[in-house]
Amino acid sequence: MLRSLVGSEMCIRDSPEAVQKMLQLLRPNQTHISVMGDDFSWANNSAVKTEKYYQVTYAVSKVSEEAMAKWDVEYKGANPDGPVFELPAQNDMIPRDLMVSEVNPDAPVFPALPEPVLVVNDTFGSLYVKTDDVFGDPYIEASFEIKTDAALMEGNLADQAKTKVMAELWATCITESLRTETYAFDSAGLRYGLGVGEGTNLFMSISGMNTAKPAWTTLLRKILNRITTEDISAHTSDKDFLTIYQAISRSLANGLKAGPSAQANRELWAILANTKIPLEEQIKALEQTTYEDVVGFGQKILRRGRGKRFFFG
């Protein structure tokens, strides 16, 4: 993981001189590299240490002189043997005409709340819309709830846990596969989220300070096209899946290490809520879940369903 200055985090005027000054700071000898993984050779490494509280093994050491020399050659542009870095193309998704919208002086005031308007209600689902006339910000928010087939969660607790885990893996595969493709939208102020709710129901959202219709409709179409691609192997390889699998495995395992209050809350939810699957059962289910299982699950999760959509802005 490389941490450096990021252009989107710095607000500067159009100044080539300022850009050159920043680039001068991004030198190999000022780089800190953090590597996390499961397979390291610790033998004969004097830099190995043990963390005080969790007894985690880690090491802090300098980059070898040989590697530094190679990086310096790359940095100076002499005999490059690595990738060629170029400035990204112009981002046409960035809004250029942001303005405050008209505000209604007679709009409801808290505790009274503005009410969305139901504009569609059919076999496919319902659609609610509310135009912002209170805040006036150039902001849009769209949320979607997709109720999937309840039959997917049939079976005993072990079956339900595996279905839940497969839904989480499937949704994460979708999100990760879109990370690069949606970078331009993120830079333009539009963000999206995809998650799993009760059972295998899905939640999706798009929001941000970008009301340009071509931008958010393009992003929405891209997300919908991806989640309706039945075969996830078209965008997520078994190697990609392994990384996602390991991340979710660590996340579930870390849930067992939560503080007393969080653990008590988790146990209480498991007892009182018949839709809450115990964390231990999810961990067991994950151990028995394969890439092929998730590929097969992705081909049926959206076979039946009904949506509820809400647009505000």
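Let's shift gears to the environment of Q263. Tracing the chain through its elements places Q263 in helix α7 (residues 260–272). If we skip the residues at most four places from it in the chain, Q263 touches L256, K257 and A258.

Moving on to a nonpolar patch on the surface. Where nonpolar side chains cluster on the molecular surface, the patch consists of V19, L23, L25 and L26 and spans about 310 Å² of accessible area. Of note, L25 is situated in helix α1 (residues 16–25).

Moving on, we get to the sheet that holds strand β4 (residues 125–130). Reading across the sheet, the six strands line up as β3-β4-β8-β5-β7-β6 and stay open at both edges, with mixed pairing between neighbours. If you trace the sheet from one side to the other, it starts and ends with β3 (117–122) and β6 (190–196), each paired once. Recorded for the sheet is a direction-independent mean angle of 10 degrees between the axes of neighbouring strands. Examined bridge by bridge, β4 and strand β8 (residues 305–312) share six bridges and lie parallel to one another. Considered in β8, the bridge of L127 is made with R309.

Another point: the confidence of the model for the chain. For the chain, per-residue confidence averages 82 on the pLDDT scale, and residues scoring 70 or more make up 86% of the total. The low-confidence segment residues 1–12 (pLDDT under 50) makes 13 contacts with residues lying over four places distant or belonging to another chain.

A few words now on the environment of Y183. With respect to the helices and strands, Y183 occurs in helix α4 (residues 183–187). Of the residues examined, Y183 reaches a relative accessible area of 53% and is grouped as exposed.

Before going further, it helps to spend a moment on the environment of M166. Locating M166 in the fold gives a position in helix α3 (residues 157–177). Along the backbone, M166 and Y291 are 125 residues apart, and their C-alpha atoms lie at a distance of 9.3 Å. When neighbours within four sequence positions are excluded, M166 is seen to be in contact with T289, D293, V294 and F297.

Taken N-terminus to C-terminus, the directions of α3 and helix α6 (residues 238–255) make an angle of 125 degrees; their axes are 10 Å apart at the nearest point. Taken together, the axes of α3 and α6 lie oblique to each other. Read as a crossing pair, α3 and α6 show a hand that is right-handed. The residues of α6 that touch α3, namely those facing E168, L169, T172, C173 and E176, are F241, I244, Y245 and I248. When grouped by side-chain class, the residues that make up the contact of α3 with α6 number six nonpolar, one polar and two charged.

If you trace the backbone, T289 turns up in the loop between α8 (279–287) and α9 (291–298). There is a polar contact of 2.7 Å between the side chain of T289 and the backbone oxygen of A285.

About the thresholds
- Residues numbered from 1 in each chain as written.
- Predicted model: local features only at pLDDT ≥ 70, side-chain atom pairs only at ≥ 80, totals over all residues.
- Heavy atoms only, no water.
- Helix = DSSP H or I, 4+ residues; strand = E, 2+ residues; numbered from the N terminus.
- Contact = heavy atoms within 4.5 Å.
- Patch = residues over 30% accessible without salt bridge, like charges linked within 9 Å, V, L, I, M, F, W, Y side chains within 5 Å.
- Areas by Shrake-Rupley, 256 points an atom, 1.4 Å probe, with all protein chains shown as cover.
- Salt bridge = Lys/Arg side-chain N within 4 Å of Asp/Glu carboxyl O.
- Pairing = 2+ DSSP bridges.
- Axes fitted to C-alpha atoms, helices over the stretch in contact; angles between N-to-C directions.
- pLDDT = per-residue confidence, 0-100.
- Buried < 20%, exposed > 50% of the residue type's maximum accessible area, 1.4 Å probe, protein only.
- Parallel < 35°, antiparallel > 145°, perpendicular 65-115°, else oblique.
- Left-handed = near helix turned anticlockwise from the far one by under 90°.
- Nonpolar A, V, L, I, M, F, W, Y, C, P; charged D, E, K, R; others polar.
- Polar contact = N/O pair within 3.5 Å; in protein donor to acceptor, adjacent residues only side chain to side chain.

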